[in-house]
Amino acid sequence: MCVASESEIFTMGLWSISVGAFGATVAAILLANTDYFLPTTDKATLEYLEDTELRPISDESRTIKAKALWEESGAVIMAVRRPGCFLCREEASEISQLKPELDQLGVPLYGVVKEKIGTEIEDFQPYFKGDLFLDEKKRFYGPQKRKMMLMGLIRLGVWQNFRRAWKAGFEGNLEGEGLILGGVFVIGSGNQGILLEHREKEFGDKANLTSVLEAAKKINRKTEVH
């Protein structure tokens, strides 16, 4: 009868633990790359968004109701996750490419941010061609605020987004809160409703520009002359 020595038993135990840890790590990576654990939220409604108090970055001494942004002409609104993020700057730059066509439609482009730190807003404005507003209560990031934690750093899609933005020459910093995910809204005039709601599902998940423009074309402008 062969009896394993204590050292052999100890070695086998370490090996088993290593195999188990490796398996758990692989399983975690696989799960992180599915949509199963991605944060979700209810769809936003006009009733939820329209009474949001916003501070114009150009004049923070006053507040306006968000409804004023789209009441007459509708609006395309980007909820910026973090102005210093190079992925957000990339999306802001790309959605700003629609501005000439939006101007022809008479549809304004706006952005909301959830905080103002140092010169982050000023540094972001060269990338975004619309007016910016501060949403201190983060209502455009709800109704349930969605966060992507460290799991985001092991998602293949996130690293592909990183690589895409790096190759395009975008740079950024780590200043400010960047875990609460943002999105893009196309909102019709009056009570026409939310025509498009893109919720960022992971860092760098951009709205489809064709879909944004098509939704903007559906806006009924109150100020349109017949």
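Note that the coordinates shown come from a computational prediction; the quantities given were computed from them, not determined experimentally. (Residues numbered from 1 in each chain as written. Predicted model: local features only at pLDDT ≥ 70, side-chain atom pairs only at ≥ 80, totals over all residues. Heavy atoms only, no water.)

Concerning the sheet that holds strand 6 (residues 183-187)
Step number 1: Read from one edge to the other, the open sheet built from seven strands follows the order 2-1-5-4-3-6-7, with strand pairing classed as mixed. Both edges of this open sheet fall to strand 2 (64-65) and strand 7 (194-199), since each of them pairs with a single strand only.
Step number 2: By the bridge criterion, two bridges tie strand 1 (residues 53-56) to strand 5 (residues 131-134) in an arrangement that is antiparallel. Note that in strand 5 the partner of Pro56 across the bridge is Phe133. (Pairing = 2+ DSSP bridges. Helix = DSSP H or I, 4+ residues; strand = E, 2+ residues; numbered from the N terminus.)

Structural notes on the state of the cysteines
Step number 1: Counting across every chain of the model gives zero disulfides.
Step number 2: Free of any disulfide, Cys85 has its nearest neighbouring cysteine sulfur in Cys88, separated by 3.9 Å.
Step number 3: A residue is classified by how much of its surface remains accessible, and Cys85, at 4% relative accessible area, is buried. (Disulfide = S-S within 2.5 Å. Buried < 20%, exposed > 50% of the residue type's maximum accessible area, 1.4 Å probe, protein only.)

Description of the confidence of the model for the chain
Step number 1: Of all residues in the chain, 79% attain a pLDDT of 70 or more, and the chain-wide mean is 84.
Step number 2: Note on residues 12-17: pLDDT under 50 across the span, and zero contacts to partners over four residues away in sequence or across chains.
Step number 3: Long-range and interchain partners of residues 19-31, a stretch whose pLDDT sits below 50, account for three contacts in this model, where long-range means more than four residues apart. (pLDDT = per-residue confidence, 0-100. Contact = heavy atoms within 4.5 Å.)

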